[in-house]
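Below, each chain spelled out in residue letters.
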Amino acid sequence: MARTQPNIVITGTPGTGKTTHCTALAEATGLAHMDINKIVKDHDCSAGYDTELGSTIVDEDKLLDAVEPILKKGGAIVDWHACDLWPAQLVDLVVVVRCRTEELYDRYKTRGYGDRKVEENMDAEIMEVLLEEAREAYDERCVVEVRSDVVEDVEGNVERLERWVEAWKGDHPDGVGEEVEEED
């Protein structure tokens, strides 16, 4: 059966506002917010814990097994700091959330991140690691970069993404995925 709802991956360096965007977009569109960190816990997709960074090491094979059936149904907003794990044919839009480094640094300090974690994440943002990852893993036409420096940025981004979802539905009235039989 064809997917009649798009799948959107919202990615970015930790602290840029991914979850804020996902929550607001899910409320605005009715799409399901998939918090990958929660799925990792709920489906035992952990491969250990990195004490230096203070973060879970993810078994990506287990995670993909847990998430792929959901993506095949469609209507998911994937919330995670990485994006290249998801099959390209199941991803309709990749949103890379970016933030000014000054603002991001303050967010990390508020969260109590250790120096190594702050440094690694700041370097990733400065070097545009996740934006490049998205561009390498997916057709560049489905990758967009948005700013998340202030609350008003989030509001404008969600409105833009909401319009995109409506346009996607209009452009795919028969869905995508499985081939739709054409009438002669």
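Per an unreviewed UniProt entry, the protein carries the name Adenylate kinase isoenzyme 6 homolog and comes from Myriangium duriaei CBS 260.36. Taken from UniProt, the Sequence similarities (unreviewed entry) comment for the protein reads in full: "Belongs to the adenylate kinase family. AK6 subfamily." Under the Subunit (unreviewed entry) heading, UniProt states for the protein: "Interacts with small ribosomal subunit protein uS11. Not a structural component of 43S pre-ribosomes, but transiently interacts with them by binding to uS11."

Q: Explain the environment of valine 95 here, please?
A: With respect to the secondary-structure elements, valine 95 resides in strand 6 (residues 93–98). It is 11 Å that separates the C-alpha atoms of valine 95 and alanine 82, two residues lying 13 residues apart in sequence.

Q: When you look at unusual backbone geometry in this model, what are you seeing that I'm missing?
A: Among all residues except glycine, the phi angle is most often negative; among peptide bonds, the trans geometry is most common. Of note, the phi angle at aspartate 44 is positive, near 50°, even though the residue is not glycine. A positive phi angle, near 55°, is found at glutamate 128, a position not held by glycine. Given a relative accessible area of 31%, glutamate 128 falls into the partly exposed group.

Q: What am I meant to see in the UniProt feature "binding site: ATP" (unreviewed entry) in the protein here?
A: As annotated by UniProt and renumbered to match this structure, "binding site: ATP" (unreviewed entry) occupies Gly15, Gly17, Lys18, Thr19, Thr20 and Arg111. Among the structural elements, glycine 17 can be located in the loop between strand 1 (8–12) and helix 1 (18–29). Glycine 17 gets classed as buried once you look at its relative accessible area, which sits at 16%. Ignoring sequence-local partners within four residues, the contact set of glycine 17 consists of Val97, Arg107 and Ser148. Under the relative-accessibility criterion, threonine 20 is labelled partly exposed at 48%.

Q: Can you help me understand the packing of helix 4 (residues 101–111) against helix 5 (residues 115–126) in this one?
A: Relative orientation and spacing of two packed helices are given, respectively, by the angle between their axes and the distance between those axes. As a packed pair, helix 4 and helix 5 sit with axes 10 Å apart at the nearest point and diverge in direction by 155°. Judged by the inter-axis angle, helix 4 sits roughly antiparallel to helix 5. Judged by the sense of rotation from one axis to the other, the crossing of helix 4 with helix 5 is right-handed. For the pair formed by helix 4 and helix 5, the contact residues are Thr101, Leu104, Tyr105, Tyr108 and Lys109 on the first element and Asp115, Val118, Asn121, Met122, Glu125 and Ile126 on the second. Of the residues assigned to the contact of helix 4 with helix 5, the class counts are six nonpolar, two polar and three charged.

Q: Could you clarify how one ought to interpret the side chain of lysine 18 in this entry?
A: Along the chain, lysine 18 turns up in helix 1. Among buried Asp, Glu, Lys and Arg side chains, lysine 18 stands out as unpaired, with aspartate 79 the closest opposite charge at 5.4 Å. Of the polar contacts made by the side chain of lysine 18, one reaches the backbone oxygen of glycine 12; its length is 3.2 Å. There is a polar contact of 3.4 Å between the side chain of lysine 18 and the backbone oxygen of threonine 13. In this structure lysine 18 touches Ile10, Thr11, Gly12, Thr13, Asp79, Trp80, His81 and Val97, once residues within four positions along its chain are discounted.

Rules of the game
- Residues numbered from 1 in each chain as written.
- Predicted model: local features only at pLDDT ≥ 70, side-chain atom pairs only at ≥ 80, totals over all residues.
- Heavy atoms only, no water.
- UniProt positions renumbered as here; feature names shortened; annotations may be inferred.
- Helix = DSSP H or I, 4+ residues; strand = E, 2+ residues; numbered from the N terminus.
- Buried < 20%, exposed > 50% of the residue type's maximum accessible area, 1.4 Å probe, protein only.
- Contact = heavy atoms within 4.5 Å.
- Axes fitted to C-alpha atoms, helices over the stretch in contact; angles between N-to-C directions.
- Parallel < 35°, antiparallel > 145°, perpendicular 65-115°, else oblique.
- Left-handed = near helix turned anticlockwise from the far one by under 90°.
- Nonpolar A, V, L, I, M, F, W, Y, C, P; charged D, E, K, R; others polar.
- Lys, Arg positive; Asp, Glu negative; His and termini not counted.
- Salt bridge = Lys/Arg side-chain N within 4 Å of Asp/Glu carboxyl O.
- Polar contact = N/O pair within 3.5 Å; in protein donor to acceptor, adjacent residues only side chain to side chain.

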